[in-house]
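Each chain, written out:
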Amino acid sequence: MDARRLCGAESGMDARRLCGVDRDGSAAAVCSGMENTMLEIRKFTCENLAEGCVTDERTPHFSYAAQSERQGAYLVRMRLSVNGWQVQESGDAAEPVRQIAIPYQGAPLSPFTEYEAQLQIWDDAGETAVRTLRFETGRLDAPWQAQWISDPSYSFTEKRVSPVPMMFRRRFAARGEIRRARLYATAMGIYELCVNGQKAGDEYFAPGFTSYRSRLQYQTYDVTGLLQRENEIAVTVGGGWAVGSFVFTRKNRISADRQALLLELRMTYEDGSEEIIGTDAGWEVTEEGPYREADFYDGETYDATVDPEKIHWRAAAPEKLRVRPVLFAANGAPVRVQERMEPVSCVKTPQGLVCDFGQNFAGVVELTIEGEAGQEITVRHAELLRPDGTLQTDFLRTAKATARYICRKGRQIYSPRMTYMGFRYVCVEGIEPERVQVAALALSSDIGSNGEFRCSSDQLNRLQQNIRWSARSNFMDIPTDCPQRDERMGWTGDIAVFAPTACYNYDMSRFLDKWLADMEAEQLPTGGIPNTIPAQGYGFPATMPTMAVDFWGDACLLVPWAEYQARGDRRLLENYYPMMKKYVDACRFWAGLFSVGKRRYLWHTPSVLHFGDWVAPDSPQMSQWQRRSKWTATASLCHTSGLLSQIARILGREDDAVKYGEISEKTAQAYCDLLTDGNGRLKEEFQSAYVLPLYFRMFPPQVRQKAADRLAQLVEQGNYTIGTGFPGTPYILFALADNGRVEDAYRMLLCEECPSWLYEVRMGATTIWERWDGLDESGNCPIGDDGTDTMISYNHYASGAVGDFLYRRVAGIEATEPGYRAFRIRPLWNEKLCAARGSLETPYGRIVSDWTVQERSFYINVEVPVGCVCSLELPDGSKETLQAGIYGRTCELPAGRMRPGVEKG
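Residues numbered from 1 in each chain as written. Predicted model: local features only at pLDDT ≥ 70, side-chain atom pairs only at ≥ 80, totals over all residues. Heavy atoms only, no water.

Engineer: Would you take a moment to explain the packing of aromatic side chains for this structure?
Structural biologist: Geometry of an aromatic ring pair is reported as the spacing of the ring centres plus the angle between the planes. Applying the stated criterion across every chain yields a total of 52 aromatic pairs. Plain terms: the ring middles of F205 and F296 are 5.3 Å apart, the flat faces sit at 85° to each other, and that makes the pair edge-to-face. Highlighted residues: F205 in the loop between β13 (198-199) and β14 (215-222) and F296 in the loop between β19 (291-295) and β20 (299-303), separated in sequence by 91 residues. Take F205: its relative accessible area is 2%, and that puts it in the buried class. The class for F296 is buried, based on a relative accessible area of 4%. Here the basic side chain of R488 rests over the ring of Y420, its NZ or CZ set 5.0 Å away from the ring centre. Lying over the aromatic face of W631, K630 brings its terminal NZ or CZ to 4.9 Å of the ring centre. (Phe/Tyr/Trp six-rings, centres within 6.5 Å; stacked < 30°, edge-to-face > 60°. Helix = DSSP H or I, 4+ residues; strand = E, 2+ residues; numbered from the N terminus. Buried < 20%, exposed > 50% of the residue type's maximum accessible area, 1.4 Å probe, protein only. Lys NZ or Arg CZ within 6 Å of the ring centre and 35° of its normal.)

Engineer: What exactly am I supposed to notice about the layout of surface pockets here?
Structural biologist: It is the rolling of a water-molecule-sized probe over the atoms that shows where space remains empty. When its volume is computed, the second largest pocket comes out at roughly 1200 Å³. Surrounding the second largest pocket, 40 residues form its lining, W561, H639, Y695, R808 and E814 being those nearest its centre. Elements represented by at least two residues in the lining of the second largest pocket include exactly α6 (492-505), α8 (555-567), α11 (629-650), α12 (654-675), α13 (687-695), α15 (732-737), α18 (803-810) and β37 (813-815). Looking at the lining of the second largest pocket residue by residue, the class counts come to 23 nonpolar, nine polar and eight charged. (1 Å grid on protein atoms, 1.4 Å probe; cavity = no way out; pocket = protein on both sides within 12 Å on 5 of 7 lines; lining within 4 Å. Points joined across faces, edges and corners; volume = space filled by probe spheres on them. Nonpolar A, V, L, I, M, F, W, Y, C, P; charged D, E, K, R; others polar.)

Engineer: Just to check I follow, could you spell out the sheet that holds strand β21 (residues 314-315) for this structure?
Structural biologist: Note on sheets: strands pair through backbone hydrogen bonds, and any given pair is parallel or antiparallel. Judged by pairing direction, the sheet is antiparallel, and its six strands sit side by side in the order β13-β12-β15-β10-β18-β21 without closing on themselves. With partners counted over all chains shown, the strands left at the sheet margins are β13 and β21, one partner each. Bridge count between strand β10 (residues 166-173) and strand β15 (residues 230-238): eight bridges; the pairing is antiparallel. Within β15, the position partnered with R169 by the bridge is A234. (Pairing = 2+ DSSP bridges.)

Engineer: So what exactly am I meant to see when it comes to the pairing of strand β38 (residues 822-825) here?
Structural biologist: A regular strand places its side chains so that they alternate between the two faces of the sheet. Two elements, β37 and β38, share three bridges in a ladder whose sense is antiparallel. What sits directly across from A815, in β38, is F823. Between β37 and β38, which pair antiparallel and follow one another directly, the connecting turn spans six residues, one of which, G819, has a positive phi of 75°. Here four bridges tie β38 to strand β42 (residues 869-873), and the two strands are oriented parallel to one another. When the sheet's bridge partners are listed, R824 is paired in β42 with S871.

Engineer: So what exactly am I meant to see when it comes to α18 here?
Structural biologist: What sets the pattern is the α-helix's 3.6 residues per turn: residues three or four places apart point alike. Most of α18 is tucked away, with eight of its eight residues classed as buried. G812 occupies a position one or two residues after α18 and carries a positive phi of about 90°.

Engineer: What should I look at first to understand the nonpolar core in this one?
Structural biologist: Looking at soluble globular proteins, one finds that nonpolar side chains tend to be buried together. Counting 260 residues, the largest nonpolar core has M188, F205, V223, L265 and F475 as its most contacted members. Top contributing element to this core by residue count: helix α9 (residues 571-592), with twelve residues. Each residue touching F475, except ones within four places of it in the same chain, is listed here: S444, S445, I447, I495, F498, A502, M508, F511 and Y797. Counting 27 residues, the second-largest nonpolar core is a separate cluster that includes V82, I102, I121 and A129. (Core = buried A, V, L, I, M, F, W, Y, C linked by side-chain atoms within 4.5 Å. Contact = heavy atoms within 4.5 Å.)

Engineer: Just to check I follow, could you spell out the confidence of the model for the protein for this structure?
Structural biologist: In low-pLDDT regions, the fine details of the predicted coordinates are not to be read closely. When the pLDDT values of the protein are averaged, the result is 92; 93% of them are 70 or greater. Under a pLDDT of 50 for its full length, residues 1-36 has, in the predicted model, 67 contacts with residues more than four places off or in other chains. Every residue in residues 898-905 scores below 50 in pLDDT, and together they form 15 contacts with partners more than four places removed in sequence or on other chains. (pLDDT = per-residue confidence, 0-100.)

Next comes the structure, spelled out in structure tokens:
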């Protein structure tokens, strides 16, 4: 194939022009038309939100990114003011102008108040830019003028199901013209809020999923435009995570015996007077509303024929909760609609209308219906079809994943609000195809898109899309493992290995900070971390009183570290350092238990207490994955203690830095002395046993290359297919490529045989699979007796952690200072690719690495944000330091590194 077609340079287009490089290698083509050198503030945020920030932080933090079209521009001064009062200023010769997490340092903030922040910056050429944003304070611990209420007459004792949704209402008349109205609400359960028949807000599943015994979010709604002279507030509260069935054992009533609501409406009238309406005994409640069933696993039933004026209402009553969480203004990333999906095909079958959306995702259907009163429509969901064209639902286990809608007469639109599904296919029953239009809404936490990647391989481009779709499907207020079966839990092991990939693709700041606060709240007294956060009813070994589990518990270090590298916000390390230290101490305790000498650093507690090399495809049984825990756990201890040492040094805790650095070194030595022959070869060999010590640099320098060569031999013997489980998969390509085995790394990356990343792509995957062998070559679903109880999910992001290699090695973008204030662009070119582009929105602005190859020449276009420094390294070994701006560079590829035919191409 002509290389110019691969690189998009067909029809005579010069590939060098794609990268903005003139024929002499200069950046003239890129920089032409740059006479306008205006300085701009590209982004300005309060608590990582550009708009809509409501905070209970008494010292909110501000960040911004600047942009200038002038090469080499840098900032010399910054001034921040709030409501006209200067609260921060920086800029002197000794210290760069601060851009990340600038603390408010003004007068104490008042609750329930709107503020305007103004930012002004100056660059070295004397240009200036100004930008404003608005934020408001929440309650700031002001006492609620409201009570928790519920229906004391309602109780349910059924197991493995969720309660009937409760509907609350309050009617009232406004005293006059309303200037400003804010409504503050939370619930035990999940709630939908309507004011005068209109939904307030656009999020799903409020108040969100937190560690309910410790922390509970409340939401703030501007309802000024929804209020009238006569008003009705109606709130439906479903069981959600707090009261409904959850985890694969389908426990219910975990945090409360029944649903409860807390709400406060604060109105300010045009005459300056105020009125507050809170939940109390004056509210009404019923279980006869239109929501008849609501369960995350089983689905939703909605009866549109229900008339609220004809059902029985009773007085609500104050409710005493079993838990006493701290209430705080929502600080996560709420679940919202991200995309509307249309089916690519619809086929009428004896079971109903089967629609294929062409993409596996998490969300809900949207039906536009011409219905008859009382007509019942059922929608079932699945990721796959059986060979006969019906839905394959075996892998949902106990989850019914069904939406039922009872129509009123006429045209109507229905979409579930109190559940979600993971699916590609739906079967619609109970209505003729010509009387229904089927669409769907893709749901996810509202995390902004950060990064992009594409290259000359269509298969890798599809892999990148699969990575992003799986992440979106599983970032549903918490980082879940899967969106479809009776699980959807916050497994720590998945996000521990995926966090760097997540932080490249999305702005994870608010999403992860909220989740890490729940992790801190649920850390066990002896330092262990539950395997799912929030644990919320999950038992052994999540709540075993002294448990610490390698790689899964490692999330308490790996996740904040990944976010720190991406965002540069030191508060993450400061806030969670005690949690990290307590966890590593627990790991060290378990490793040293009942051992002497070097074996005190070999973590070899019973394998049933670990996950080991989880879902490693070269081992057919779960017990065999777990038996590898001696290797994975010891490597984990080396890595986490070394990382903790590094964090301690950043925070100025030198004693801790020395202590944990020594633990890391002794653990590495124990691994090499006791598990290898001392010459780079494992006594018991499997891919992860080499990958982890290579990536974590546990091998002594004199044997590291031998270990890498032996790993390459194992990979070659396996025909370049994957043999690693969760712990090794994110790092195997780095372990090869960073130790001189670039060709082997690329062959593994581009392998299309099972098990491999591109095998899934070849088999038509649109998301990442949990199991590499999720479909065989015939497209059938294997169900093996491996001890995992039909554990097959086709939307499971963990092994998509390979994205980190695409971004840091193929595109070549890698932070060398937190937040990318300093970064390196060093594409690891291989003849199997002739073009790649990575684009990343950092806290300072956009980074671009865009390279292509034509004949024997390598061309690259680079973009460096204001406030950053880039070290550019080309394939010929040449290096250059670049300041802010857009640059084009070229070099000749070293002899012997060209694919046959490219020279003529």
